[in-house]
Amino acid sequence: MPPLTIYWSRRDFRLADNPALLAASSYAVEHKTAFLPLFVLEDYMTAGDPAFQFGYPSRWFISEALPQFASQFEQFAIVQGKGAQYLIDLNKKFKLTVFVNDDVYIDFYKQITKLQNAGVTVTVLEDALSVPKETRSGEGNLYSVFTPFKKNVWARFISHKPQPTFTSGTELTYLAEKEIAQFSHLIANDSSAILSAFSKKRLLTIGDTTLDLDELIPEQKITGWYTCEADALKRFSDYLKSGDLDAYKKNRDSLELDVANQDETRIAYTGKTSKMSLALAWGLVSSRTLMQMMQTHFDESFDNPFSTRVSEGALTYISELIWREFYRYQLFHRPDLMDTEFQKKFQGTIQWVGTKTAHARFIAWIKGETGYPIVDAAMKQLAETGWMHNRSRMIVASILTKNFGVDWRWGQEYFRAVLIDLDEASNSGGWQWGASVGADPKPIRIFNAELQAKNYDASGAYQNKWLRSDSTFSLTAPSVPIIEHKLARAEALKRYGLGDEGARDY
Ligand SMILES: Cc1cc2nc3c(=O)[nH]c(=O)nc-3n(C[C@H](O)[C@H](O)[C@H](O)COP(=O)(O)OP(=O)(O)OC[C@H]3O[C@@H](n4cnc5c(N)ncnc54)[C@H](O)[C@@H]3O)c2cc1C
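(A) Just the site of the ligand, in detail. Contacts to the ligand come from 26 residues, most closely from Y248, T273, S274, K275 and N390. Within the side chain of N390, an N or O atom sits 2.7 Å from an oxygen atom of the ligand. With the chains in place, 96% of the 820 Å² that the ligand exposes on its own is no longer accessible. For the shell around the ligand, the secondary structure elements donating two or more residues are α12 (277-281), α14 (312-333), α17 (390-403) and α19 (424-434). A total of five residues in the shell around the ligand trace back to one element, the largest contributor, which is α14. Residues belonging to the shell around the ligand are distributed by class as follows: 13 nonpolar, seven polar and six charged.

What follows is the structure, given as structure tokens:
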């Protein structure tokens, strides 16, 4: 059988700092084998099965980004099927050597084991985290609190240099087009062919009920996002040059500043936060590259996280990138965290409200009809654009779980279906944080929507923008909250088994 070296692309649509791509191409040159980058559009993505959420924003993004990535190679195969099984079948026609970047999900490792058991030679490269997955405390334990984790990994995070950018070079020989044409389940390398491979269903299964999002929120219109590595890098470079990163600490929480001059056709290019979450979620850039760009821009290594001589904005930004590492580290070691509370004392002990009440509140929350203007504005921002500011994510998560007594897993599922920057680790971690059941638990925070609006949207610009009358939503939100905050707070404390002093209001 002819040998073939495969770069199995998954969530790493970039040429810069792509360990699996570099390793695969070097191997192919060294061993004089044919080379082929391959992406498997997995059945779980295309089926529209609510158990494996791959919502419309993700479908749209992949259909735009994948062809641009693929067209940078002389040959690139896009196929449909089940990742490991597809490669096992291909291994019957070619003697495969597969290179792939690692991931933090248990399903990924199951696929790798399946490949190995079937005799496929596969090498997994470290990419998903920029710090070692095996990071432990002095006592040899996994970290459960962010600050000591950050202290431990800081030096490694800031000094982890990106690998060189891939170039095809003349010695690399791609698999011939006529051979690729024989592959089963090939998909044309164009946006509409990829988009049409997906089911159009937008379903959400919550407990025993399946909700049809088409009946609850408008069809999401995703505009204003970068869809390739070069544009994502340009956005970050412009963000640095604009001074917004330098001012990140001061401005990152302001909802009113984030919408100032915001243009929906350029959503990713405006606002006071970087809008890098989509690029990181799909691997258009690596956090190592962002780190290096910051070091070059500020001409500073940032080796001291407490230094007062360097940009405070940059230090805070690096901390946020390390939060992302922290959640990935947690999910890698605790694959159950998408379903189970990190803190043992809350596993199965919180009495969420009954199903009927929970459904009514959940639907009001999804539709932006809770009567808390800041929550309704945020939910409309999400439903219309597929993105929501971090401050708003924290507010809506706290209100759903604490004030409405709805299980955090429901909120997590909805976000999985509608976020454009879905990252399962950050999403699950964010929801557990919002419900105060996750890692880094203390104190139990009960957000007061009115106070949050006063602190982060004093002028009301954010609320006015998303509750505007020409919104695709009708303005049916009740004028008073569906549950008054004081009462909701008292009920939340009971639910968490706490006295009046057991939680702090934010
Ligand atoms: C309930 C909830 C759900 C979330 N779901 C996701 C998700 O699915 N995908 C996702 O990428 N982020 C998620 N986050 C984290 C955060 O809200 C987004 O990363 C951020 O809003 C993205 O905007 P930005 O790129 O402009 O962020 P910036 O403020 O510019 O931050 C830079 C980068 O740091 C990382 N980061 C910032 N804040 C956090 C955080 N709190 N946790 C983890 N990483 C962070 C992100 O990679 C982000 O792109 C969630 C937070 C909450 C509270």
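Following the structure, the description resumes.
(B) Here's a closer look at the sheet that holds strand β2 (residues 34-42). Ordered by their spatial adjacency, five strands build an open sheet running β3-β2-β1-β4-β5, and the pairing between neighbours is parallel. Taken across any chain shown, the strands that pair with only one partner, and hence form the sheet edges, are β3 (77-81) and β5 (121-125). Across the sheet, the mean angle from the axis of one strand to that of its neighbour is 30 degrees, orientation sign disregarded. Across six bridges, strand β1 (residues 3-9) lies against β2 in parallel orientation. From the neighbouring strand, W8 faces β2, where its bridge partner is L38. Along the sheet, helix α3 (residues 56-70) contacts β1, β2 and β3; its crossing angle with β2, the most-contacted strand, is approximately 175 degrees.

(C) Spotlight on the packing of α17 against helix α22 (residues 485-495). Relative to each other, α17 and α22 sit at 70 degrees, their axes nearing to 9 Å. Here α22 runs roughly perpendicular to α17, going by the angle between their axes. Between α17, through T401, K402 and N403, and α22, the contact on the second element is made entirely by H485, A488, A492 and R495. Considered class by class, the residues forming the contact of α17 with α22 number two nonpolar, three polar and two charged.

(D) Seen up close, α3. Relative to the 21 Å expected for 15 residues at 1.5 Å per residue, α3 spans 21 Å between its end C-alpha atoms, a close match to the ideal helical length. α3 sits mainly inside the fold: twelve of its 15 residues count as buried. Among the residues of α3, P57, S58, R59, W60, F61, I62, S63, A65, L66, P67, F69 and A70 are the ones counted as buried.

(E) Focus on the pattern of salt bridges. Enumeration over the complete set of coordinates arrives at 25 salt bridges. One salt bridge in this structure joins E134 and R136, with 2.6 Å as the shortest N-O distance. Owing to a relative accessible area of 34%, R136 belongs among the partly exposed residues under this scheme. Ionic pairing is found between D214 and R202, a salt bridge with its closest N-O pair at 2.8 Å. With D214 in the loop between β7 (209-212) and α9 (229-242) and R202 in the loop between α8 (191-196) and β6 (203-206), this pair connects stretches of sequence that are twelve residues apart. Judged by relative accessible area, D214 falls into the partly exposed class, the value being 47%. It is possible to trace a salt-bridge network through shared partners that takes in R14, D17, D127 and R288.

Definitions and limits used
- Residues numbered from 1 in each chain as written.
- Predicted model: local features only at pLDDT ≥ 70, side-chain atom pairs only at ≥ 80, totals over all residues.
- Heavy atoms only, no water.
- Near = heavy atom within 4 Å.
- Polar contact = N/O pair within 3.5 Å; in protein donor to acceptor, adjacent residues only side chain to side chain.
- Areas by Shrake-Rupley, 256 points an atom, 1.4 Å probe, with all protein chains shown as cover.
- Helix = DSSP H or I, 4+ residues; strand = E, 2+ residues; numbered from the N terminus.
- Nonpolar A, V, L, I, M, F, W, Y, C, P; charged D, E, K, R; others polar.
- Pairing = 2+ DSSP bridges.
- Axes fitted to C-alpha atoms, helices over the stretch in contact; angles between N-to-C directions.
- Contact = heavy atoms within 4.5 Å.
- Parallel < 35°, antiparallel > 145°, perpendicular 65-115°, else oblique.
- Expected span 1.5 Å × (residues − 1).
- Buried < 20%, exposed > 50% of the residue type's maximum accessible area, 1.4 Å probe, protein only.
- Salt bridge = Lys/Arg side-chain N within 4 Å of Asp/Glu carboxyl O.

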